[in-house]
Structures are given as C-alpha cells and as structure tokens.
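An overview of the molecular structure
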Amino acid sequence: MANILIVEDEKNMQDIIAQYMKKGGHTCFTADDGVDALMVLKNNPVDVMILDVMMPHLDGFYVCKAAREMSSMPIIMLTARSDEEDKLKGYEYGADDYMTKPFSPRVLLAKVNALLRRSSALPQDTLSAGKITLVPASHKVYTDGEEITLTHMEYELLHFFMVNPEQIFSRDQLLNRLWGYDFQGTTRTVDTHIKNLRQKLGSEGRHIVTLIRSGYKFEVTV
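Predicted, not measured: the structure shown is a model, and the values here were computed from it. (Residues numbered from 1 in each chain as written. Predicted model: local features only at pLDDT ≥ 70, side-chain atom pairs only at ≥ 80, totals over all residues. Heavy atoms only, no water.)

**Side note on the environment of Asp-32**
Basically, it comes down to this: Note on conventions: DSSP H or I runs of at least 4 residues are helices, E runs of at least 2 residues are strands, and numbering of each starts at the N terminus. Nitrogen and oxygen atoms within 3.5 Å of one another constitute a polar contact, given that in protein one can donate a hydrogen and the other can accept it, and given that sequence-neighbouring residues count only through two side-chain atoms.
Summarising the element assignment, Asp-32 is placed in the loop between strand S2 (27–31) and helix H2 (34–43). Linking Asp-32 and Asp-52, residues 20 residues apart in sequence, is a C-alpha distance of 9.7 Å. Only 3.0 Å separates the side chain of Asp-32 from the side chain of Gln-14, close enough to count as a polar contact.

**Some words on the pairing of strand S1 (residues 3–7)**
We count it as follows: Exposure categories follow from relative accessible area, calculated using a 1.4 Å probe and restricted to protein chains: below 20% of the type maximum is buried, above 50% is exposed, and the middle band is partly exposed. Any two strands are treated as partners once DSSP identifies two or more bridges connecting them. Seen with the strands pointing away from the viewer, any crossover whose path from the first strand over the helix to the second strand runs clockwise is right-handed.
With 5 of its 5 residues buried, S1 lies for the most part within the structure. Here S1 runs beside S2; their pairing, made up of 5 bridges, is parallel. The residue of S2 that forms the bridge with Asn-3 is Thr-27. Running through helix H1 (residues 11–23), the crossover from S1 to the neighbouring parallel element S2 is right-handed. Sheet topology note: the S1/strand S3 (residues 48–52) ladder contains 4 bridges and is parallel.

**Considering the nonpolar core**
The condition is simple: Only buried Ala, Val, Leu, Ile, Met, Phe, Trp, Tyr and Cys residues count toward a nonpolar core, and they belong to the same one when joined by side-chain atoms within 4.5 Å. The contact criterion used is simple: two residues touch if any of their non-hydrogen atoms lie within 4.5 Å.
Core analysis: the largest hydrophobic core is formed by 25 residues, its most contacted members being Val-141, Leu-158, Phe-161, Leu-174, Ile-194, Ile-208 and Phe-218. Contributing elements (two or more residues each) for this core: strand S7 (132–135), helix H6 (152–163), helix H7 (171–179), helix H8 (188–201) and strand S11 (215–218). When residues in this core are grouped by element, the largest group, 7 residues, is from H6. Excluding residues that lie within four positions of it along the chain, Ile-194 makes contacts with Leu-157, Phe-161, Leu-174, Ile-208 and Tyr-216. Ranked by size, the runner-up nonpolar core spans 22 residues in total, among them Leu-38, Leu-51, Ile-75 and Met-77.

**Quick look at the pairing of S11**
Consecutive residues of a regular strand have side chains that alternate between opposite faces of the sheet. Examined bridge by bridge, strand S10 (residues 208–211) and S11 share 4 bridges and lie antiparallel to one another. In the strand pairing of S11, Leu-211 is matched with Gly-215. Between the antiparallel neighbours S10 and S11 lie 3 residues, among them Arg-213 with a positive phi of about 70°.

**With respect to the sheet that holds strand S9 (residues 146–148)**
Applied cut-off: Angles shown run from 0 to 180 degrees and are taken between the N-to-C directions of axes, each axis being a line fitted to C-alpha atoms and, for helices, limited to the stretch in contact.
Taken in spatial order, the 4 strands line up as S6-S7-S8-S9 in an open sheet, and their pairing is antiparallel. Two strands close off the open sheet at either side, each with one partner strand: strand S6 (127–129) and S9. Averaged over neighbouring strand pairs, the angle between their axes works out to 25° when direction is ignored. Sheet topology places strand S8 (residues 140–143) next to S9; 3 bridges connect them, and they run antiparallel. Bridged to Tyr-142 within S9 is Glu-147. Across the sheet, H6 is in contact with S6, S7 and S8; its angle to S7 comes to roughly 105°.

**Notes on H2**
For clarity, the threshold we go by: Taken from the helix axis, the directions to the C-beta atoms give the arc we talk about.
Among the residues of H2, Gly-34, Ala-37, Leu-38, Val-40 and Leu-41 are the ones counted as buried. Buried positions in H2, seen along its axis, are confined to an arc of 160° and lie on one side of it. With respect to the buried face of H2, the exposed residues turned more than 90 degrees away are Lys-42 and Asn-43. Those residues of H2 hidden inside the fold are in contact with S1, S2, S3 and helix H3 (60–68). In this structure Asp-33 caps H2, since a side-chain oxygen of it lies 3.1 Å from the backbone nitrogen of Val-35.

**Here's the deal with unusual backbone geometry**
A cis amide bond links Lys-101 with the next residue in sequence, Pro-102, at an omega value of -5°. Looking at the secondary structure, you find Pro-102 in the loop between strand S5 (97–100) and helix H5 (105–120). Its identity is not glycine, yet His-139 carries a phi of approximately 60°, on the positive side.

**Structural notes on the sheet that holds S3**
Spatially, the 5 strands line up as an open sheet ordered S2-S1-S3-S4-S5, and their pairing is parallel. Since the sheet does not close on itself, it has two edges, and those belong to S2 and S5, each with one partner. The mean inter-strand angle of the sheet, taken between neighbouring strand axes irrespective of direction, is 20°. Contacts from helix H4 (residues 84–92) reach strand S4 (75–79) and S5 within the one sheet, and its direction differs from that of S5 by about 150°.

This is the structure in structure tokens:
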C-alpha cells in the first residue's frame with residue numbers, strides 16, 4: 001500500500017515495527033540513525049516516516065526538520081520521554097503525530113493508516129508549505145487545517161509564491177505577472193496585498209519574506 005521509513009536505533013524495536021507495518025500491507029525501509037534516514041529519503045519514495053527522537057549522530061528533531069524541507073509526507077515521532085516540551089518541539093519541526101514508548105504497534109499501524117488516508121484524500125496538485133495547504137482545483141487555502149478566505153488577487157499571489165519557492169521577485173515583476181502590464185496602479189498595490197495576505201495567514205505569513213531593495217520571496221521553512 002505505502003512505503004514506510006522506520007528510523008529506530010533499537011534493532012528489536014525496529015523489527016517489531018517493521019513486522020506490523022508489513023502485516024498492514026506496507027513496504028518498509030529501515031534506518032539505524034539519522035544519517036542513514038536522510039540517505040534513504042534522498043534515494044527512495046517514502047510515504048510515511050516513523051522517526052525515533054533519541055538516536056546517534058543526528059537526532060530525530062534534526063531529521064524531522066531536514067525531511068520537511070524535502071517532503072510533506074506524514075511524520076510520526078517516537079520518544080521515550082513524555083515531556084510536553086519534546087512534543088511541542090517535534091510539532092514545531094513538522095511532526096504530524098507522536099507516540100510515547102512503550103506503545104502498541106497496532107495503534108502505531110492505525111495512526112499510519114489514518115495519516116495515509118488523510119494525505120491521499122488531497123488532490124494530486126495540492127501545494128503545501130509549513131502549515132499552509134493550497135488546493136488549486138477548488139481555490140481553497142487552509143492554515144493548520146482551517147480554511148481561510150482570500151480575495152482573488154491574494155489567492156493568486158499566494159499561489160504564485162508557492163509554485164516559485166525561494167525565488168526573489170521585485171515589486172514590478174509581481175505587478176506585471178499578476179496584475180498585467182496594462183495595470184494602472186503602483187507597486188504599493190503589491191505591498192498592500194502582501195500585508196493583507198500575511199495577516200490572513202497568521203503565523204504562517206512568515207513564509208513571505210521581504211528583502212530590502214529587492215522585493216519578496218516565499219521561503220519554504222518548517
């Protein structure tokens with residue numbers, strides 16, 4: 001059904017998780033540490049990652065953050081600690097769910113399947129960055145799962161940024177590409193729309209970065 005990456009340095013635990021994932025019909029990749037995990041991610045299609053927090057070389061938080069820069073796949077983090085701060089840190093870095101050891105492998109499999117159902121329910125052309133989800137087919141935008149209402153030009157601006165991540169655009173370039181060469185307004189029109197768009201995106205407005213004397217760019221950060 002899906003490709004699952006299991007990142008766990010305890011071999012016995014790794015084997016148990018893989019056994020249950022395979023019983024669920026999934027194909028498993030395994031990694032003993034963070035370095036191996038990133039190599040697997042770079043070289044293989046992965047649909048869900050099960051990621052231990054405490055590992056040698058690179059810990060789970062680092063791997064989670066790096067993985068989020070490569071993929072929007074669901075990530076479930078495993079931890080031997082129940083500290084709220086650890087969980088909050090994981091969510092900040094892009095984790096979708098958490099399980100505290102000891103845990104039931106059957107429950108873990110159920111969580112994996114639930115996340116797969118949610119992600120596969122999205123149209124193929126869905127765009128994601130951080131907690132922003134944009135669905136071109138319906139022109140709908142969500143932040144952290146909640147739909148937000150944008151004007152036509154705010155939507156077009158966000159869509160343009162999300163399909164051109166990390167590229168710098170001057171105000172004139174944005175004005176010409178989105179409003180058209182015959183538009184009679186000034187570049188302040190761009191600034192006003194970006195200001196309103198940031199406000200509607202809330203904390204996720206941080207992805208739209210102002211570059212002094214250069215313009216704007218959309219940063220794909222966790």
